[in-house]
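Chains, contacts and geometry: an overview
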Number of protein chains: 4
Amino acid sequence: MPSELSTVTGFNTLRQIEASKIFQGAVIAIIILSALTIGAKTYDLPPLVEQSLTVMDNAITVFFLVEILFRFAACPVKRRFLLDGWNLFDTIVVIGSLIPLDNSEAVLLGRLLRVFRVLRLVSVVPELRFLINSLLKAIPRMGYIALLMFIIFYIYAAMGALFFAEVDKELWGDVAIAMLTLFRVATFEDWTDVMYATMEQYPLSWLYYLTFIFLTAFVFLNMMIGAILEVMGEEQNAKQAQKAHDERDEIARQLQSVQTQLQELTRQISERR
Amino acid sequence: MPSELSTVTGFNTLRQIEASKIFQGAVIAIIILSALTIGAKTYDLPPLVEQSLTVMDNAITVFFLVEILFRFAACPVKRRFLLDGWNLFDTIVVIGSLIPLDNSEAVLLGRLLRVFRVLRLVSVVPELRFLINSLLKAIPRMGYIALLMFIIFYIYAAMGALFFAEVDKELWGDVAIAMLTLFRVATFEDWTDVMYATMEQYPLSWLYYLTFIFLTAFVFLNMMIGAILEVMGEEQNAKQAQKAHDERDEIARQLQSVQTQLQELTRQISERR
Amino acid sequence: MPSELSTVTGFNTLRQIEASKIFQGAVIAIIILSALTIGAKTYDLPPLVEQSLTVMDNAITVFFLVEILFRFAACPVKRRFLLDGWNLFDTIVVIGSLIPLDNSEAVLLGRLLRVFRVLRLVSVVPELRFLINSLLKAIPRMGYIALLMFIIFYIYAAMGALFFAEVDKELWGDVAIAMLTLFRVATFEDWTDVMYATMEQYPLSWLYYLTFIFLTAFVFLNMMIGAILEVMGEEQNAKQAQKAHDERDEIARQLQSVQTQLQELTRQISERR
Amino acid sequence: MPSELSTVTGFNTLRQIEASKIFQGAVIAIIILSALTIGAKTYDLPPLVEQSLTVMDNAITVFFLVEILFRFAACPVKRRFLLDGWNLFDTIVVIGSLIPLDNSEAVLLGRLLRVFRVLRLVSVVPELRFLINSLLKAIPRMGYIALLMFIIFYIYAAMGALFFAEVDKELWGDVAIAMLTLFRVATFEDWTDVMYATMEQYPLSWLYYLTFIFLTAFVFLNMMIGAILEVMGEEQNAKQAQKAHDERDEIARQLQSVQTQLQELTRQISERR
């Protein structure tokens, strides 16, 4: 019994430490330090600084490992720890940077994994987590529009690869390259150079580009308007429903009291009969 | 009578097959396969793969023909089959890819018609049909704005062709080319190169470009704002009218009951006179 | 008296002709013909076609003169004819293309005045007039934002001309040229070329460009949001006020009837005392 | 007492002068003159004009000094004068341009301080002050989104500096330069040149650019939509709450009168018992 109690007490202490502002602040500070270390390594540095950065890097790796184990210990239901998306993400990032990598190729991969540590900032700061969650919620809404966009791109890319492949292999060689070129056209990036090149062989090819630009711009614009309206609709409906309910309630209450008064009156009159 | 009944039963079976999820899934799968075939053909492939792609292409053409005949058979009123825009579109695409084409020029055209098969995805997936319908509805709303834009482009193009034709024949040769150049300016694509070239001869020509950019941007912006407002207005009006009606109904019902109570009371009192 | 009457009758006939669909259609057709003539002249044409175009041009000029005189005759209060903005605009365009111009310089000016005839389409088609009027209404709303934008541009241009003039005279020579360069930067047109050039001498000059881009983008974005909100607010207020009024009216009417019933009841009871 | 009264009278006179339209107009005129002087100095001018500009510049400096002292004198609570942001800003600008600067380097700095005088236009015109205040209010709303954007830029820049540094030192040399390059990519400024260069060594690097563009565009779009919704929500809530209150009030008043009538009726009936 006392041992069980001490376990519970120890467990609560763990949770309190985890939830404390100081602990959270320390984690954020270490993540920012880690981000700075990653940034610093992209500069040409004297060997001494380089070495101390590597030492610091390892220290940060150990800290993150300890922190994730600590959070695992503080988790009430161990089996559900990895079911939470943020915990899973943190665990993968931490374990990923633990793998020892020696040859030059792997060093690059190891560094890449360390870069993703910066993303841990998102999982630690609650406001950023909330922001990411609301952004993720916005994705399905755009699903069918994205599919429609893809179909437009695919058809134009197939047409482009069919007709313009001999004009410029680099830009219209196959469907995949043509889709990249069309994305370039959609961002208006030197699109006239692409157009003038094909217009020399096909003088009417400006029709291809103009219809493509109008189509994508039109679909994109309507998608944006749709997104604004949908989000707005949801928010307003929630707010207005609440407000309308409050208003109606007050009037309904007054009417109820009128009805009660009338019933009382009717009762009195009928009693006097 | 039995023969008529069996026809009706057969007809209903046809409709059931057409509406079944498996049938629809198969059609979508074949369309995607067709799209992949079209895409694959833009790559340099070994002759064997090329041949098998051609065989598959023909198989898909036959499948689409069978499918359209099947849908025609399942259509209750045959005369109205082609009046539906989507059916008409499908029929044209299918018949288009049936035409045998032999010489190299026509092969290109034949391929082009096959590209449009991908668009059949839009006519088969109901969500995409709905999306396209709502996009088509948005077009007339922009009609007069588009006309105004065209007038602005035409006037500036006529002015450009008048003054700048001798500066650069390629960009300002005639009204049509000048309109293309202005569209380029409107997308900000290397527009300063165009401007600096004309400013050497007409130092004040920056006025031409700046007024053009401001005019088109201003009209475009107001068009976008207008579109947002209009769609929003329609949706909100529909929702609010419904909600307001519901609310008023409840209060009106309560008031009605108050009035009934009062009438009853008045009747009682006047009876007692 | 009969002469006066006939004048009135003649006057009414004029007005009826002016307002008739056929007359309006004819004017629109002539304007479009005039626009096509202007466009055709920008192409290299055989002398015969060129001559016939000139003849047609003169015929159109005469037609427009007759039309404006006709409209002046149909105007009930002659003094107010030019007070209407659209009439004034039409008169200037028509009179402008009447001035005989012979030498080559003036021919260009004469052609330019003819280009503006296309704008008459706006003054004739009522939907376009309405559109232009609503666009003009949107201008004052953006007045102070435009002033703020101008101040930002001026300050950055003065700073640019102060520091970067020796880097590139063509881009930063004086305040006016620097403002044009900044407009180019604001449209993202090869702005990095401009930046990389100044960064060679002033390595920190990226701060200048980035703050400028953020400032203008931020002000522009807020201007757009503000414009959307303002227009939306106006429309909604008008609609909602009307709807709210209608709803309240119905409930108020019911309540009024309840009060009348109660008064009647009270009267009956007090009578029986 | 008389001396005190005269002080108060003198003080009120000061305030009246400060608040008068003529005084404000004069200040605005001098600021615009000052802006023109700054602009004029960026042109190559004959020595005489240059000298007279310098004289005018000094006169303006003196005027601004007198004006700020005047406003300080007119301020009722002297200690709070600098607590107002606009006063502090004006004082810094005026004192800054007082510092005597002789050597060529310092002349540039002195001129730079004079440029900021144009900003005083914002502090003098009330509408611009209001605009700036409302823009400042919009900043915190975008805080966490800006942080998220920065994290995305930092991670991509670290990855870019890691992989692409050997491709182009000028564009991907270190994290800071890579962030500038990514900002360039985000504005679509010759981003395909950057991409094609890295694709030669890493053929899959288009994935890096496309994911970056989609991520930043998606976050930016949602930020914009969020901003529109938030501002709109605030405005509408305020308006609707007021309107709903007004409506409810009227109906509640009517119901109150019904209840009073009923009470009176009940009283009469019970009296007659």
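First things first, this report covers the structure right here in the doc. These figures come from a predicted structure and were not determined experimentally.

**Structural notes on a nonpolar patch on the surface**
Residue and element names in this part refer to chain A. Taken together, the side chains of Leu82, Leu88 and Ile92 present a nonpolar region at the surface, about 270 Å² in accessible area. Within the element layout of this structure, Leu82 appears in the loop between helix H3 (47–74) and helix H4 (85–96). Leu82 gets classed as partly exposed once you look at its relative accessible area, which sits at 42%.

**Describing the relation of the copies chain A and chain D**
The operation relating chain A to chain D is a screw motion whose rotation component is 90°, with 0.1 Å of axial translation and a residual RMSD of 0.2 Å. The symmetry that links the two subunits is that of a four-fold axis.

**Some remarks on the interface of chain A and chain D**
Taken residue by residue, the interface counts 57 residues in chain A and 58 residues in chain D. Where chain A abuts chain D, roughly 5200 Å² becomes buried across the two surfaces, and 72% of that area is made up of carbon and sulfur atoms. Linking chain A with chain D are zero salt bridges. Mapped onto the side of chain A that touches chain D, the elements with two or more residues apiece are helix H2 (21–40), helix H5 (104–115), helix H6 (120–124), helix H7 (126–141), helix H10 (175–186) and helix H12 (206–272) of chain A. Residue contributions to the side of chain A that touches chain D peak at 25 residues, all from H12 of chain A.

**Brief notes about the interface of chain A and chain B**
Each side of the interface is counted separately: chain A has 58 residues, and chain B has 57 residues. Inspection of the chain A/chain B interface yields zero salt bridges. Taken together, chain A and chain B are joined by eight residue pairs in polar contact (both at pLDDT 80 or more). Among the elements that make up the side of chain A that touches chain B, the one with the highest residue count is H12 of chain A (32 residues). Tallied by class, residues from the side of chain A that touches chain B come to 39 nonpolar, 12 polar and seven charged.

**Brief notes about the side chain of Thr216 of chain D**
Residue and element names in this part refer to chain D. Considering the arrangement of structural elements, one finds Thr216 in helix H12 (residues 206–272). In this structure Thr216 comes out as buried when scored by relative accessible area, which is 8%. Here the side chain of Thr216 touches Ile213 through a polar contact of 3.1 Å, landing on its backbone oxygen. Apart from residues no more than four positions distant in its own chain, Thr216 is found in contact with Met149, Ile152 and Phe153.

About the thresholds
Residues numbered from 1 in each chain as written. Chains lettered and ligands numbered in written order. Predicted model: local features only at pLDDT ≥ 70, side-chain atom pairs only at ≥ 80, totals over all residues. Heavy atoms only, no water. Patch = residues over 30% accessible without salt bridge, like charges linked within 9 Å, V, L, I, M, F, W, Y side chains within 5 Å. Areas by Shrake-Rupley, 256 points an atom, 1.4 Å probe, with all protein chains shown as cover. Salt bridge = Lys/Arg side-chain N within 4 Å of Asp/Glu carboxyl O. Helix = DSSP H or I, 4+ residues; strand = E, 2+ residues; numbered from the N terminus. Buried < 20%, exposed > 50% of the residue type's maximum accessible area, 1.4 Å probe, protein only. Least-squares fit on C-alpha atoms with pLDDT ≥ 70 in both. Contact = heavy atoms within 4.5 Å. Buried area = accessible area lost by both parts, 1.4 Å probe. Polar contact = N/O pair within 3.5 Å; in protein donor to acceptor, adjacent residues only side chain to side chain. Nonpolar A, V, L, I, M, F, W, Y, C, P; charged D, E, K, R; others polar.

The analysis is restricted to geometry; functional conclusions fall outside its scope.
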